[in-house]
Amino acid sequence: MEGAQENPAESGSSVPWSEEPAGSARVSEVSLSEESEGCTRPLEAAPQKLCGYLSKFGGKGPIRGWKSRWFFFDERKCHLYYSRTAQDANPLDSIDLSSAVFDCKADAEEGTFEIKTPNRIITLKAATKQAMLYWLQQLQMKRWDFHNGLPAPPAAPDAALAGSGPALRPELEQEEEEQEAFLCPVKTPTELVGVAAAWQPVHAKPSALQNISLKHLGTEIQNTVCNIRGSKQTPRAGHRPPGADSPLSEEAQRGEQASPPGPGAPGKDPANSPKPTPKSSLTTNLIQKAKSQSNTFPLFSEGLMRNRTAQEKVLALEQQVLMLTKELKAQKELVKILHKALEAAQQEKRVSSAYLAAAQDKDRLELVRHKVRQIAELGRRVEALERERESLVQTAGLREQEIEELQRHVQLLLDKNQAKQQVICKLSEKVTQDFMKAPEEADRDFLSQQEKMEHLKDDMEAYRTQNRFLNSEIHQVTKIWRKVAEKEKALLMKCAYLQAQNCRVESKYLAGLRRLQEALGVETGECSELLRQLIQEALQWEASEASAESVVLGPSTVSEYDKYGFLTVPSYEVEDLRLLAKIQALEVHSHQLLAHEVVQRPLRERWAALGELAPSAELKQLLRAGVPHEHRPRVWRWLIRLRVQHLQAPGCYQELLSRGQACKHPAARQIELDLNRTFPNNKHFTCPTSGFPDKLRRVLLAFSWQNPTIGYCQGLNRLAAVALLVLGEEESAFWCLVAIVETIMPADYYSKTLLASQVDQRVLQDLLLEKLPRLMAHLGQRRVDLSFITFNWFLVVFADSLISNILLQVWDAFLYEGIKVVFRYALAIFKYNEEALLRLQDSLEIYQYLHLFTKTICDSRRLMHIAFNDMNPFPMKQLRQLRAAHRERLEAELNELEQLKAEYLETRAAQGPSAPEGCPSEDEGDAEP
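- You'll find the protein chain entered in an unreviewed UniProt entry as TBC1 domain family member 2A isoform X1, with Odocoileus virginianus given as the organism.

Put into structure tokens, the structure is as follows:
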């Protein structure tokens, strides 16, 4: 719209084909002539520019409405410019199509569609529906071509150039097939779109005042001045002589001459010239058709009478056939009876002839007797036939009764049928009368139904077209979104890399400040004051940094706490230590940013695709590389269950808690003292409102009842605290502590003598001599005892030494492989810092560095590579042999120490409690008054 949503046009912008304001009309004529000459060429050889007149809805107040605008597309900027006329030098405004979507609504006015940008919605209207679909399809194609033409991320230019040649044409063909699958290509409306449309009359042109854009009044005045100047310089540049018509008008005349004549033209067949039938003639035909149909109803009753007479004739003929059949049957029976009578007469004749021919009386007597017997036999047969006749008479009487009943039933049916026929006749007469009385109402109903059906068909076609277009729009926007997502991913990787570089630069800056501070020492002056000010600013924590939005792993600056609540920059009192902690935090953040896309993302994908956990070589490698924090609780529970499934029992933890509530354990006091000393740099154990200290207390008390031989040992609190931070549940943390103390570590690792812990320290010394001889020689010359540092590493599995992300990576492998992982990482830590230790010459400096050097390790991948690759071979058999040898020596030393202790006690007991001579006795003081 041309209201407040439009942006003012830039003074230097102009239409693509009219860059010279003064000669805009002449350039249009040249383009028009070129276009008319190229019309004879194929469509592929002469592509048209996307331009034409559209109606734009805009304005304010009484002049708000549709305004005719000339639109043209700029392929370089993917902008759709528009001006009041095609001859204007400067456009009024433009529409950015690079991030726009298109929509056409079926229930809107014909030809209306919308262009939706992030800032506004522009409503346009084309002259016809075909022109609207052509504009929408072309705008979609221009937007797609613009996005395909954008430069890709500079990841692999050689590969992109190598594969762009042969695969370009199949890709374009595939895109065209996908586009045609949704919406077939629309034929170009040559009279409404293109440069030639500038000379066509504008459809539904508004009034001159309404068509002027008041918002861009300055641009309108400039365009008017330019048009006036152009018309003065070339007075007749935009007109032709009256006798010379333009090519377009000649084509129009040829089209009019080639058009078929009307129905009344002589010598032409009107049937061969299809012409749209007017609506009035269609209505007349429908009315005549309805009247012709209604004229058949008066003959309906006569048809019924004719049908009824025919049925009666058929019934009469059927009855006649039945009577003739019965008569034929009776005649056949009569013939049979006559045959029998004839045979009897012939037999009697033969007998009579024989009787007359007999010579003696005896023969005749025999013949008479034979006849008597026959007569008796016939009498019996007659009696039987009489009885049969009587029974048949009775049966016939019954059949006659049945026939009478059937006749009565038939009569009832006939009466009923006659009544129905009378009702049908009456209804037929009524229907006929109704059609004769109100034919116009029936015609109107019929016509209204026909009109509704036509409207419904039009609506269905409109919705079908809208559906195809919207499917095409969704498909194309989805493809654009995927391309944008790929570019966003590349930009995120680049951003992560730049953030990592920024962290490195900042850490180098802080390291430079620290070296300057060491170089200046305690000197006072402007330089030292400026240096202290820079260090304070570097160490100061800004709240705005903490609230910065995360891009890849988190904020662009170092967060105050990590995912598990540990301080990333510990608050030391000494300024030098705080500066070192800040440098270390920046280095860790830099490594995390660089490893996120290269290591963490593929690792997360492998863990997500792993499925059900089972011991395997692949799982071992994944655990060494570290478990992503979203999978770590599930993996740790599985590892713990693998270790303590023979010890677990339902309700065991609750039973131990109940026992602790009923009776106080002797170690409860020591547990309470150690609770406040557990992870002072973790917010979950220092916050007064946190529930972690109470959970830790219950876990440690339950373990003290679970294993009475150990009860509680300092260091168990940190093991349980790490389990609580990862697992979150008390019972899972309890069984994790049981798995470490009773299944992973040796039996007497946490006993009162700490025998196995001391053995492992001596084993570590041997392994250091084997793997790092140069470092051990350097430390041996300065009499540095590493057990002061490493003893706590083994006791709490680096809980107080390494930063949280490296610590949990160590625990991932430790819970699966056991104590050997602790030896590997202990050796790797010294190898990681070997060069820094070799540069130190003073034993005091070495001890100070050993207390802090584990916190300076920030590259977890390098440390893991050293532990599991550079320290190989590392057979478990060698570890067992070293443990056995050192355990035997240590036990011998402890036995010797026990013997010395026993001898000392015996000697003291033999000497007695008497005091030496000259020393006052304690009893002497009591004797004084």
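1. Here we look at the overall build of the protein chain
Alright, step 1. The secondary structure content of the protein chain amounts to 31 helices and seven strands.
Alright, step 2. Considering the protein chain as a whole, with its 929 residues, one finds that 34% of them fall into the buried category.
Alright, step 3. Here the analysis covers contacts within the protein chain between residues at least 6 apart in sequence; of these, 70% occur between residues at least 24 apart.
Alright, step 4. Accessible surface, the protein chain: about 57,600 Å² in total, of which carbon and sulfur atoms supply 56%.

2. Concerning a positive patch on the surface
Alright, step 1. Where like charges cluster on the molecular surface, the positive patch consists of Lys-332, Lys-336, Lys-340 and Arg-381.
Alright, step 2. Broken down by element, the residue count for the positive patch peaks at three residues, all from helix 8 (residues 300–357).
Alright, step 3. Examined against the element boundaries, Arg-381 turns out to sit in helix 9 (residues 361–437).

3. Here's the deal with the packing of helix 15 (residues 632–644) against helix 21 (residues 730–744)
Alright, step 1. One way to put it is that helix 15 packs onto helix 21 with a least axis distance of 9 Å and a crossing angle of 50 degrees. Considering the angle they form, helix 15 stands oblique to helix 21. Handedness of the crossing formed by helix 15 with helix 21: left-handed. Between helix 15 and helix 21, the residues in contact are Arg-637, Ile-640, Arg-643 and Val-644 and Ser-732, Trp-735, Cys-736, Val-738, Ala-739, Thr-743 and Ile-744, respectively.

4. Observations concerning helix 23 (residues 773–781)
Alright, step 1. Along helix 23, the residues classified as buried are Leu-775, Met-776, His-778 and Leu-779. Projected onto a plane normal to the axis of helix 23, the buried residues spread over an arc of 160 degrees and lie on a single side.
Alright, step 2. Along its buried surface, helix 23 packs onto helix 22 (755–771), helix 26 (820–832), helix 27 (834–839) and helix 28 (843–852).
Alright, step 3. One or two positions beyond helix 23, positive phi appears at Arg-783, with a value near 55 degrees.

5. Points about the environment of Lys-771
Alright, step 1. Along the chain, Lys-771 turns up in helix 22.
Alright, step 2. Each C-alpha atom, one on Lys-771 and one on Met-871, is 7.1 Å from the other, the two residues being 100 residues apart in sequence.
Alright, step 3. Excluding residues that lie within four positions of it along the chain, Lys-771 makes contacts with Leu-827, Met-871, Asn-872, Pro-873 and Phe-874.
Alright, step 4. A polar contact of 2.7 Å, which involves the side chain of Lys-771, links it to the backbone oxygen of Pro-873.

6. Regarding the confidence of the model for the protein chain
Alright, step 1. With 69% of its residues at a pLDDT of 70 or more, the protein chain has an overall mean of 76.
Alright, step 2. Long-range and interchain partners of residues 1–47, a stretch whose pLDDT sits below 50, account for 83 contacts in this model, where long-range means more than four residues apart.
Alright, step 3. In this model residues 925–929 is a low-confidence stretch, pLDDT under 50, and it forms zero contacts with partners more than four residues away in sequence or in other chains.

7. Let's talk about the packing of aromatic side chains
Alright, step 1. A complete count under the given rule lists 19 aromatic pairs for this structure.
Alright, step 2. When the centroid spacing of 5.4 Å and the interplanar angle of 40 degrees are considered together, the rings of Trp-793 and Phe-830 count as tilted. Pair noted here: Trp-793 is in helix 24 (residues 787–796) and Phe-830 is in helix 26, with a separation of 37 residues, a long-range link. The burial state of Trp-793 is the same as that of Phe-830; both residues are buried.
Alright, step 3. Geometrically, the ring pair formed by Phe-794 and Phe-823 is edge-to-face, given 4.9 Å between the ring centres and 70 degrees between the ring planes.

8. Structural notes on unusual backbone geometry
Alright, step 1. A cis amide bond, omega 0 degrees, links Asn-872 with the succeeding residue Pro-873.
Alright, step 2. Along the polypeptide, Pro-873 turns up in the loop between helix 29 (860–870) and helix 30 (876–911).
Alright, step 3. Look at Val-797: it is not a glycine, yet its phi comes out positive at around 55 degrees.
Alright, step 4. Here Val-797 lies in the loop between helix 24 and helix 25 (804–817).
Alright, step 5. With relative accessibility at 0%, the residue Val-797 sits in the buried group.
Alright, step 6. Positive phi is not limited to glycine here, since Phe-798 has a value of about 65 degrees.
Alright, step 7. Residue position: Phe-798 is located in the loop between helix 24 and helix 25.

Quick notes on the rules
Residues numbered from 1 in each chain as written. Predicted model: local features only at pLDDT ≥ 70, side-chain atom pairs only at ≥ 80, totals over all residues. Heavy atoms only, no water. Helix = DSSP H or I, 4+ residues; strand = E, 2+ residues; numbered from the N terminus. Buried < 20%, exposed > 50% of the residue type's maximum accessible area, 1.4 Å probe, protein only. Contact = heavy atoms within 4.5 Å. Areas by Shrake-Rupley, 256 points an atom, 1.4 Å probe, with all protein chains shown as cover. Patch = residues over 30% accessible without salt bridge, like charges linked within 9 Å, V, L, I, M, F, W, Y side chains within 5 Å. Salt bridge = Lys/Arg side-chain N within 4 Å of Asp/Glu carboxyl O. Lys, Arg positive; Asp, Glu negative; His and termini not counted. Charge placed at Lys NZ, Arg CZ, Asp CG, Glu CD. Axes fitted to C-alpha atoms, helices over the stretch in contact; angles between N-to-C directions. Parallel < 35°, antiparallel > 145°, perpendicular 65-115°, else oblique. Left-handed = near helix turned anticlockwise from the far one by under 90°. Arc of directions from axis to C-beta. Polar contact = N/O pair within 3.5 Å; in protein donor to acceptor, adjacent residues only side chain to side chain. pLDDT = per-residue confidence, 0-100. Phe/Tyr/Trp six-rings, centres within 6.5 Å; stacked < 30°, edge-to-face > 60°.

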